[in-house]
Amino acid sequence: MLLLWYASFLTSMITLAFGISRRSWLFMLISTITFIPIAYYFFGANNAFKYVGLIPIAFLLLTVFFWFPGRKHTI
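Residues numbered from 1 in each chain as written. Predicted model: local features only at pLDDT ≥ 70, side-chain atom pairs only at ≥ 80, totals over all residues. Heavy atoms only, no water.

A. Main features of the packing of helix H1 (residues 2-22) against helix H2 (residues 25-43). Two elements in contact, H1 and H2, have axes whose closest approach is 8 Å; the angle formed by their N-to-C orientations is 145 degrees. Relative to H2, the crossing made by H1 is left-handed. Between H1 and H2, the residues in contact are Trp5, Ser8, Phe9, Thr11, Ser12, Met13, Thr15, Leu16, Phe18, Gly19, Ile20 and Arg22 and Phe27, Met28, Ile30, Ser31, Thr34, Phe35, Pro37, Ile38, Tyr41 and Phe42, respectively. Across the contact of H1 with H2, the residue classes break down as 14 nonpolar, seven polar and one charged. (Axes fitted to C-alpha atoms, helices over the stretch in contact; angles between N-to-C directions. Helix = DSSP H or I, 4+ residues; strand = E, 2+ residues; numbered from the N terminus. Left-handed = near helix turned anticlockwise from the far one by under 90°. Contact = heavy atoms within 4.5 Å. Nonpolar A, V, L, I, M, F, W, Y, C, P; charged D, E, K, R; others polar.)

Structure, rendered in structure tokens:
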């Protein structure tokens, strides 16, 4: 079980790096999906680690941000 958790984390971090460097929405989507089991594990914690469960939402927002490249983004 721990091996699958590490594989999910490693896959998520590698695709996150590729997704940000290439501004690819597909890599960001893969990173979001592969990080969900890790986030689900930490979401039930009763301390500050429960906020790790919100990371897939940030990854999903980056995915949407990379999905619309022609649109002007003002923050």
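B. Up close: unusual backbone geometry. In this structure, Arg23 is a non-glycine residue whose phi angle is positive, near 50 degrees. Topologically, Arg23 is positioned in the loop between H1 and H2.

C. Expanded view of H1. Over its 21 residues, H1 extends 30 Å from the first C-alpha to the last, a length consistent with the 30 Å expected when each residue adds 1.5 Å. Listing the buried residues of H1 in full gives Ser8, Ser12, Thr15, Leu16 and Gly19. End-on view of H1: buried residues confined to an arc of 115 degrees, all on one side of the axis. Opposite its buried face, H1 presents the exposed residues Leu2, Leu3, Leu10, Ser21 and Arg22, each directed more than 90 degrees away. Looking at the buried residues of H1, the elements they touch are H2 and helix H3 (55-67). Arg23, located one to two residues past H1, shows a positive phi value of around 50 degrees. (Expected span 1.5 Å × (residues − 1). Buried < 20%, exposed > 50% of the residue type's maximum accessible area, 1.4 Å probe, protein only. Arc of directions from axis to C-beta.)

D. Representation of the nonpolar core. The biggest cluster of nonpolar side chains holds nine residues, and these are Leu16, Met28, Phe35, Ile38, Ala39, Phe42, Val52, Phe59 and Phe66. Secondary-structure elements contributing two or more residues to this core are H2 and H3. Among the elements that line this core, the one with the most residues is H2, at five residues. Once residues within four sequence positions are removed from consideration, Leu16 is found in contact with Met28, Ser31 and Phe59. (Core = buried A, V, L, I, M, F, W, Y, C linked by side-chain atoms within 4.5 Å.)

By themselves, these are just geometric observations and shouldn't be taken as functional.
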